[in-house]
Amino acid sequence: MNLLDKLVVWTIPIVPKFLVRKVASRYIAGTTLDEAVEVIKYLREQGCCATLDVLGEHIDKREQAEHAVQEYLQILDKIDQENLDCNISIKLTMLGLKLDLDFCLENTRRLVQRAKELGNFVRIDMEDSSCTTDTLQIYSRLKKDFDNVGFVIQAYMRRSLQDVRDQMKSNSKINVRVCKGIYIEPRDIAYKDKEIVNSNYSMLLQELLENGNYAGIATHDEKLVWAAYKTISDLRLSRDKFEFQMLLGVDEQLRRLTLKEGYKLRVYVPYGKQWYEYSIRRLKENPKIAGYVIKNFFGLKN
Ligand SMILES: Cc1cc2nc3c(=O)[nH]c(=O)nc-3n(C[C@H](O)[C@H](O)[C@H](O)COP(=O)(O)OP(=O)(O)OC[C@H]3O[C@@H](n4cnc5c(N)ncnc54)[C@H](O)[C@@H]3O)c2cc1C
């Protein structure tokens, strides 16, 4: 961590909550499901679909996992009732991954099962490297019974290409979101060089798409978006084989440009009461985000 990053980490706790809220409100759809639904309807008017994420992770009591399951079940019903073009993104640590793998598997199964009944889809987000193996194991076990579940692969992880190949070998067609990865990981397991991460991103995407799998192309890096356009064109892919994905509040111009090309675009919409803890944790984990946010706040280009 460089000196500026360290400074960001030290000063975050003393920034007044109202100021954090002002900055965070661009990236977070509110504290209630109703507020999030309004954001999803607004995004729909712009031509975007969405994926809903309830803020919160790393619970340490089983009751908290049960609470999270109930909240997501309620979301699935709401999406169905309101006929929203929206699926859900979940974090397994919120469903008990660090407590007991089988307990987490059963909690996740309940969500995937309900989503299946409603014709919906569950995306399992990828968390830090201590969760990678267990997350992929839970995904594999669910994939045997369901086709409406997908996982996320991080291009900065050295293991990712092998993970994708293993999943392609043991499962029928897979649905994978490709992202760079947001956690700070040690060099022995993660690429640190931006160019290598970008090349690995494109390689993962190529591997998935040329083998007939579905890809969520999650990035705001225009170089990667352009490289994805090229891969799509080289492979003569039909538009039902992939979608672009971006975070709420980030580079809305790139979002509009991607929509203008006629591509499907899904916006990741986080909401929940834990917005403050979530924002602070994210900023501490990756102080570079603070730099993006500050530049956006003052209308500067990164
Ligand atoms: C839909 C979606 C789902 C994701 N799911 C996961 C996941 O499950 N696991 C995981 O580890 N990571 C996830 N990520 C985060 C991802 O790994 C990256 O950390 C993040 O997207 C930034 O990488 P980038 O590809 O946009 O490229 P970067 O080079 O980091 O960013 C390109 C430009 O985008 C802008 N930008 C990017 N991020 C932000 C931000 N947060 N705030 C303001 N501006 C920003 C900046 O202008 C920056 O210059 C997800 C990202 C998206 C879009």
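Use the structure listed above.
Definitions and cut-offs
- Residues numbered from 1 in each chain as written.
- Predicted model: local features only at pLDDT ≥ 70, side-chain atom pairs only at ≥ 80, totals over all residues.
- Heavy atoms only, no water.
- Helix = DSSP H or I, 4+ residues; strand = E, 2+ residues; numbered from the N terminus.
- Buried < 20%, exposed > 50% of the residue type's maximum accessible area, 1.4 Å probe, protein only.
- Contact = heavy atoms within 4.5 Å.
- Areas by Shrake-Rupley, 256 points an atom, 1.4 Å probe, with all protein chains shown as cover.
- Lys, Arg positive; Asp, Glu negative; His and termini not counted.
- Charge placed at Lys NZ, Arg CZ, Asp CG, Glu CD.
- Axes fitted to C-alpha atoms, helices over the stretch in contact; angles between N-to-C directions.
- Parallel < 35°, antiparallel > 145°, perpendicular 65-115°, else oblique.
- Left-handed = near helix turned anticlockwise from the far one by under 90°.
- Pairing = 2+ DSSP bridges.
- Phe/Tyr/Trp six-rings, centres within 6.5 Å; stacked < 30°, edge-to-face > 60°.
- Lys NZ or Arg CZ within 6 Å of the ring centre and 35° of its normal.
- 1 Å grid on protein atoms, 1.4 Å probe; cavity = no way out; pocket = protein on both sides within 12 Å on 5 of 7 lines; lining within 4 Å.
- Points joined across faces, edges and corners; volume = space filled by probe spheres on them.
- Nonpolar A, V, L, I, M, F, W, Y, C, P; charged D, E, K, R; others polar.
- Salt bridge = Lys/Arg side-chain N within 4 Å of Asp/Glu carboxyl O.

Asks: Explain the overall build of the chain to me, please; I cannot follow it from the model alone.
Replies: Each helix and strand in the chain was counted, giving twelve helices and eight strands. Looking at the chain as a whole, 53% of its 302 residues qualify as buried. Contacts in the chain between residues at least 24 apart in sequence constitute 75% of all its contacts with a sequence separation of at least 6. As presented, the chain carries roughly 15,000 Å² of accessible surface, and 53% of it is formed by carbon and sulfur atoms. Within the chain, the 43 negative side-chain charges are centred at a point lying 4 Å from the centre of the 47 positive side-chain charges.

Asks: Is there a simple way to explain the packing of helix 3 (residues 33-45) against helix 4 (residues 62-81) in this structure?
Replies: Helix-helix packing is described using two parameters, namely the angle between the two axes and the distance between the axes. It is the contact of helix 3 with helix 4, at a shortest axis distance of 12 Å, that shows an interaxial angle of 40°. Classified by the angle between their axes, helix 3 and helix 4 sit oblique to one another. In this structure, helix 3 crosses over helix 4, and the sense of that crossing is right-handed. Here Leu33, Asp34 and Val37 of helix 3 lie close against helix 4, whose contacting residues are Gln74, Ile75 and Lys78.

Asks: Could you clarify how one ought to interpret the sheet that holds strand 8 (residues 265-271) in this entry?
Replies: Pairing between the strands of a sheet comes from backbone hydrogen bonds, and it takes one of two forms, parallel or antiparallel. Taking strand neighbours around the barrel as the criterion, the eight strands line up as 1-2-3-4-5-6-7-8 in a closed arrangement whose pairing is parallel. Within this sheet the neighbouring strands show an average axis-to-axis angle of 30°, counted without direction. In terms of strand pairing, strand 1 (residues 49-54) meets strand 8 through six bridges, oriented parallel. Looking at the pairing, Val54 lines up with Tyr271 of strand 8. Along the sheet, helix 10 (residues 252-260) contacts strand 7 (242-247) and strand 8; its crossing angle with strand 7, the most-contacted strand, is approximately 165°.

Asks: Before we go on, may I ask you to explain the packing of aromatic side chains in this structure?
Replies: When we look at a pair of aromatic rings, we describe it by the centre distance and by the angle of the planes. Enumeration over the complete set of coordinates arrives at six aromatic pairs. Ring-pair connections join several aromatic residues into one group, and the members of that group are Tyr229, Phe242, Phe244 and Tyr263. Residue placement shows Arg62 over the ring face of Phe103; its charged tip is 4.3 Å from the ring centre.

Asks: It is not clear to me how empty space enclosed by the protein should be interpreted in this structure. Could you clarify?
Replies: Any empty space left between the atoms is revealed when a probe the size of a water molecule rolls over them. Applying the stated criterion across every chain yields a total of one cavity of 30 Å³ or more. In terms of lining, the largest cavity is formed by Met126, Thr132, Ile153, Gln154, Met157, Arg159, Ser160 and Asp163. When contributions to the lining of the largest cavity are tallied by element, the ones reaching two or more residues are strand 4 (149-154) and helix 7 (160-170). Per-class residue counts for the lining of the largest cavity are three nonpolar, three polar and two charged.

Asks: Just to check I follow, could you spell out the pattern of salt bridges for this structure?
Replies: Pairing of side chains with opposite charge becomes possible as their charged atoms draw close. Summed over the entire model, instances satisfying the criterion amount to 21 salt bridges. Here Asp102 makes a salt bridge to Arg141, at a shortest N to O gap of 3.3 Å. Separated by 39 residues along the polypeptide, Asp102 in helix 5 (residues 101-117) and Arg141 in helix 6 (residues 132-143) bring together distant segments of the chain. The network of salt bridges with shared partners includes Asp34, Lys41, Lys78 and Glu82.

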